[in-house]
Structures are given as C-alpha cells and as structure tokens.
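Summary of the model geometry
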Amino acid sequence: MFIDQVHINVKAGDGGAGCMSFRREAHVPRGGPDGGDGGHGGNVILEADGSLSSLIDYRFKHHFKAKRGIHGKGSRMHGADGDDLILKVPLGTLVSEYDEETKQRGETLADLTHDGERVIVAKGGQGGKGNIHFVTSTRRAPAFAELGEPAEECMLELEMKLMADAALVGMPSVGKSSLIARMSAARPKIADYPFTTLVPNLGMVRSGDYSFVVADIPGLIEGAAEGKGLGHEFLRHIERTALILHVLDASGSYEGRDPIEDYEQIRTELIRYSEELAKRPQIVVVNKIDMPEASLQIERVKAHLRAEALEKVNGNEFAEEFKEPQVFAVSAVTGEGMDALIAATAQQVHELRAAARELQESNVQYEKVWEHKRQERDRSFTVTNLGGGVFQVEGKAVERMVIQTEWDNEEAIAYLQRRLERMGVEKELVVAGARTGDEIRITGRSFAFESALVDGEPDFNDDDFLNDDFDNEA
C-alpha cells in the first residue's frame, strides 16, 4: 500500500521531579541539603530512513509517546533520563505542525531528504532541580525543590514526496507505465484503459556511467491543479523532480486526442499548481510512434514547440529561459528511440545534480534550525492588561517556571518571584501599567503583584541571585 500523507500526535516524556532532602547520618550534625535532580524526559525524534518507501507505519497508529524522566532521590541520587522515541520515516518526508481543529497545516519543521537526517519534533520536559541547587549565602537550608517540567505535545502532518530525478507526466493512457517498464526494472500495472496507475511508481535507470530515478506519475486531467480527480495527490510528487519528461500520445489513443492540446493542457495545470514547477527543465517524449500516422504528429509537435519558443524569445532579454525543449520520438512497445531518450535524460540529470550541489554547498541542519526557533519561542513572553487591575503573562519559559514551582511552599514561591524579576517580567508588567496589589495570572495561577523596581530598574543586590542560572536553562 502506498501512503503519502498522515497526521500523528506525538508527546515527549515529562521531566522527573527534583528531591527536597537533607542528610540524616549519625555523628553528622546539621546535615546539609542532598536532594537529587529529576531526570529529563525523552524527546520524540523523526529520522529519515532510506529503506522505507511509504508512511504506512502511521496509517493505523497515530499516537506516540516517549518515556518520562525518573524522580530524584536523597543522597544526591539523580533520576535517570527517559529514553528518546525515534520514529523512522521515508526519504522526502516533509514535517509540519498541524491544527486538528481547523484542519490547517502550520509551520514547516523539516524536510528530511538525506538518510539519517533527524529533527526533534517534541522536546522532553526538563527534570526538576533538587534542593542542593538553591543554597546561597543567605539561604543555607533550602526546603524546596523543583517539580518536573511537563513535556511538549503536538499534532504533526507527515507528507511524503517522491525523491525522483525525473518524472513522467502526461494525460491518462499515453503510455507512461509502459515507458517506465521499458526504461527500468519497475513493473507497474499496464492496461489499455485510463487511470490504470493509481499510485506513483519508481524505477532505477542506468545509462553508461550515469544512473537516475524516474517516477511514473498517474495521469493528470483538466482541473488537477484545483484538486480535481486526485490532482493535488499526484502533483505534489513532481515538486522534487529536477527534470520533467512530458509524455504525449502520437496515436491519439481511442479517444482521438490531439497531442498538442494535451501538451498545452498539462502545461496549464503545472502553471496553476506552481509557476516554479512549470519552469523546470523538460524533455518532450512522443510515444507510440509504431502506430499509423505517428510521423505526422511528431512533426506537428516539433513545429508547435519551435513556434512557441520563438514567440517567447522575441523581445525578451532572458531568452535562455525559453529554449525549445528536446523532443524524442519513441515506442515503449518496440523499444525504438528508447536508448537515445535514456542517454539524454541521464546526461541532463547529471548536469542538474551538479548545478544543485553548487547551490547547496552548505547543508541545512534542520535540527539546529528548529532548535534555534524553539529557544527563541521559549524565551519570549507577552503581558496583557485584562482591565480591572488584572494582567495576564504568557510565554513558554515563564509558564514552565510556574509549573515547576511547589505552590504550598513559601520559599519556592519567593524563589519564583525573583526568577521572574530577573527575566524581565516585572519590568514589562510595570510598563503595561501594573501596580502593587494588582492581580497577575500565569498559566492558571494568580498572585498579587509586588514591584521591586528602583528608579525603573530591578534591584539585583539580593544574594539569592548569585546562584540562579536562568540564562543557562531557559
């Protein structure tokens, strides 16, 4: 079964809680804090695997969850980290956020095109710190620890686009399946009725020292760019191909179609779907030349392409963009003309590959790019004046601090207030109009605002700040 688009829910592992503990040993008076840290939750990672050919593993199972971190213990015993969950996907998988309510695709996270390429799609929660981390010169026996951070959970859209060098494109029943069977070892279903091919087929082709992958794309019809038939399902697979092999039927088929009209119709659908796609290099393949009157149709097609190219070139300074495409007359049945077509395709694919390598000298590290975006989103926060002396603070890092705080512990709450002050939340609240006594709401919690600003700047003279490491963890 060929599956090329799925939606899945992924949840990373929650972080383990830190431990609040003190040494209790004989002959050791006033033992200090020794609470261990909670373990970090496991990440959910997508990894491209060249041995996979579809997303069928995610056809019936849609929920995936990584292991959580273990809680810390006394005697400085830190909890173990949860194992990462690695989900394998085929090469050419586009990973995007997905809104299940609106059924809309969100931000693109990665385009996994190389074997072994990875991206973290859900980051595990950080383990809470034990009370050994909160000792300062004025706080010798901290009686609090951090709770574990809840993990990220999200919906994803996985979309597989075929990784082919060349794509056979054309109307139904023009002989695309017969051509890929003649060019490669692929053995697609072949019959003399439209829409015999319902899913794309791939074949490996070798010509001399060169080789390339060719895709047989199911037949397109008028309106394919708007999704008529299965237009969008098929057109997406052409997006990655460097070269388009535009297949025409010299016999007119049993419907008596005109190959020139077919050519213009397919060109129109490609332009409607993507103008960039319509500008891809192409080779025109006139198939079924073993049929009567095929030679006349070949000359008509060549004359039409020549006239079209001349019309575009006249008066245009970018004339190179409108070169007349190569035309090959072939018969998938007898094999006539196939060697020349394969050799020309292999040569052009080789040249396009070389040009692409020059443009992509620096590989995009999707994992690093997405992690950088994640950190930027984590650090940012917003302050909203809800009116009536009520202010709402939203932001991932801020909310994480609140969630990790033990709200029945006064020391822990005081520590949180100082962290928020250092992060700049207090300053932004003052700018937004907050005054002492106003209500501040953060992720379901509310508390009274107490400003520690001195002449508009925070007072950082408290020794409790000396060992706080927000800048390293946020």
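Let me begin by describing the structure that accompanies this report. The structure presented is a predicted model; accordingly, all values stated were derived computationally and were not measured. Along each chain, residue indices are assigned from 1 in the same order as the chain's sequence is written. Thresholds applied to this predicted model are a pLDDT of at least 70 for local features of residues and 80 or more for the giving and counting of side-chain atom pairs; totals over whole chains, interfaces and linings are not thresholded and use all residues. Neither water nor hydrogens contribute to the side-chain values; these are computed over all heavy atoms in the structure.

The helix and strand tally for the protein stands at eleven helices and 20 strands. Residue contacts are defined here by distance: any two heavy atoms, one from each residue, within 4.5 Å place the two residues in contact. At a minimum sequence separation of 6, the contacts of the protein that also span at least 24 residues come to 72%. Of the accessible surface of the protein, which amounts to about 24,100 Å², a share of 48% is contributed by carbon and sulfur atoms. The secondary structure listing takes helices from DSSP runs of H or I that are at least 4 residues long and strands from runs of E that are at least 2 residues long, numbered from the N terminus. A 1.4 Å probe and the Shrake-Rupley method give the accessible areas. Residues count as covered only by the protein chains that appear here.

This part is about the nonpolar core. General note: in soluble globular proteins, nonpolar side chains tend to be found buried as a group. Here, nonpolar core means buried Ala, Val, Leu, Ile, Met, Phe, Trp, Tyr and Cys residues that are tied together by side-chain atoms lying within 4.5 Å of each other. Summary of the burial criterion: residues with accessible area below 20% of their type's maximum are buried, those above 50% are exposed, and those between are partly exposed, where the area comes from a 1.4 Å probe applied to protein chains only. Counting 61 residues, the largest nonpolar core has I8, V10, L46, Y58, V121, L158 and L245 as the members making the most contacts within it. Among the elements that make up this core, the one with the highest residue count is helix α6 (residues 338-359) (six residues). Beyond its immediate stretch of four places on either side in the chain, I8 contacts Y58, K61, H62, F64, L87, C154, M155, L156 and L158. Listed in part, the 16 residues of the second largest apolar core include V393, V398, V402 and L429.

The phi dihedral of S75 is positive, around 60°, even though this residue is not glycine. Tracing the backbone through its elements, the reader meets S75 in the loop between β3 (63-65) and β4 (85-90). Judged by its relative accessible area of 54%, S75 falls in the exposed class. Even without glycine at this site, K103 takes up a positive phi of about 60°.

Below, the discussion takes up the sheet that holds strand β2 (residues 44-49). A pair of strands is considered paired only if DSSP assigns at least 2 bridges between the two. With mixed pairing, three strands are arranged side by side in an open sheet as β4-β2-β7. Only two strands of the sheet have a single partner each, and these edge strands are β4 and β7 (118-122). The average undirected angle you get between the axes of adjacent strands in this sheet is 30°. Here β2 runs beside β7; their pairing, made up of four bridges, is antiparallel. If you follow E47 over to β7, its bridge partner there is R118. In this description, a line fitted to the C-alpha atoms serves as the axis of each element, helices being fitted only across the stretch in contact, and the angle between N-to-C directions of two axes falls anywhere from 0 to 180 degrees.

Moving on, we come to the sheet that holds strand β18 (residues 445-448). Strand pairing in a sheet is mediated by backbone hydrogen bonds. Such pairs are either parallel or antiparallel. Sheet architecture is open: four strands sit in the order β15-β16-β17-β18, paired in mixed fashion. Two strands bound the open sheet, and with one partner strand each, they are β15 (382-387) and β18. Sheet twist, expressed as the average angle between the axes of neighbouring strands with direction ignored, equals 25°.

Examined against the element boundaries, E47 turns out to sit in strand β2. Assessed through its relative accessible area of 14%, E47 is described here as buried. A distance of 2.7 Å separates the side chain of E47 from the side chain of R118, its partner in a polar contact. Among all residues touching E47, those that are not within four sequence positions of it are I86, L87, K88, V89, G116, E117 and R118. Polar contacts here mean pairs of N or O atoms no more than 3.5 Å apart (in protein, one a potential hydrogen donor and the other a potential acceptor; neighbouring residues in sequence count only if both atoms are side-chain atoms).

Right, let's get into the pattern of salt bridges. By definition, a salt bridge exists where a carboxyl oxygen of Asp or Glu is found within 4 Å of a side-chain nitrogen of Lys or Arg. For the coordinates displayed, the defined rule picks out 13 salt bridges. We note a salt bridge from R105 to E157, for which the minimum N-O separation is 2.6 Å. Note that R105 is positioned in strand β6 (residues 104-112) and E157 in strand β8 (residues 153-160), a separation of 52 residues in sequence. Among the ionic pairs, E149 bridges to R400, the shortest N-O distance being 3.7 Å. Of this pair, E149 sits in the loop between β7 and β8 while R400 sits in helix α8 (residues 396-403), and the two are 251 residues apart along the sequence. Comparing E149 with R400, the two get one shared label, buried. If you follow the salt bridges from partner to partner, you end up with R105, E157 and E159 in one network.

The distinction between a cavity and a pocket rests on a 1 Å grid over the protein atoms alone: a 1.4 Å probe fits inside a cavity but cannot get out, while a pocket stays open yet meets protein on both sides within 12 Å along at least five of seven lines, and a residue with an atom within 4 Å of a point counts as lining. Grid points are joined across faces, edges and corners, and a volume is the space filled by probe spheres set on the points. Scanning the entire structure with this criterion turns up one cavity of 30 Å³ or more. In this structure, the largest cavity spans a volume of roughly 70 Å³. Around the largest cavity, the lining residues are F144, A145, E146, M401, Q404, T405, E406, A412, Y415, L416 and R419. Ranked by residue count, the leading element in the lining of the largest cavity is helix α9 (residues 410-423), at four residues. In terms of residue class, the lining of the largest cavity is made up of six nonpolar, two polar and three charged. Three classes are used: nonpolar for Ala, Val, Leu, Ile, Met, Phe, Trp, Tyr, Cys and Pro, charged for Asp, Glu, Lys and Arg, and polar for all others, with Gly counted as polar.

Another point: the packing of α8 against α9. Two elements in contact, α8 and α9, have axes whose closest approach is 10 Å; the angle formed by their N-to-C orientations is 170°. It follows that α8 is roughly antiparallel to α9 by the angle criterion. When α8 is examined against α9, the residues A397, V398, M401 and V402 are found in contact with a partner set consisting of L416, R419, L420 and M423. Considering only residue class, the contact of α8 with α9 consists of seven nonpolar, no polar and one charged. Roughly parallel means an angle under 35 degrees; roughly antiparallel means over 145; roughly perpendicular covers 65 to 115; every other angle is labelled oblique.

Now for the pairing of strand β10 (residues 201-207). Alignment of β10 against strand β11 (residues 210-216), held across seven bridges, turns out to be antiparallel. Within the sheet, the bridge partner assigned to G203 lies in β11 and is V214.

This brings us to α9. The end-to-end C-alpha separation of α9 is 20 Å, in line with the 20 Å expected for 14 residues at 1.5 Å each. Listed in full, the buried residues belonging to α9 are A412, Y415, L416, R419, L420, E421 and M423. A side-chain oxygen of the first residue of α9 lies 3.0 Å from the backbone nitrogen of E411; this N-cap is N409. At the exit of α9 stands G424, carrying a positive phi of roughly 105°. Each residue after the first adds 1.5 Å to the expected span of a helix.

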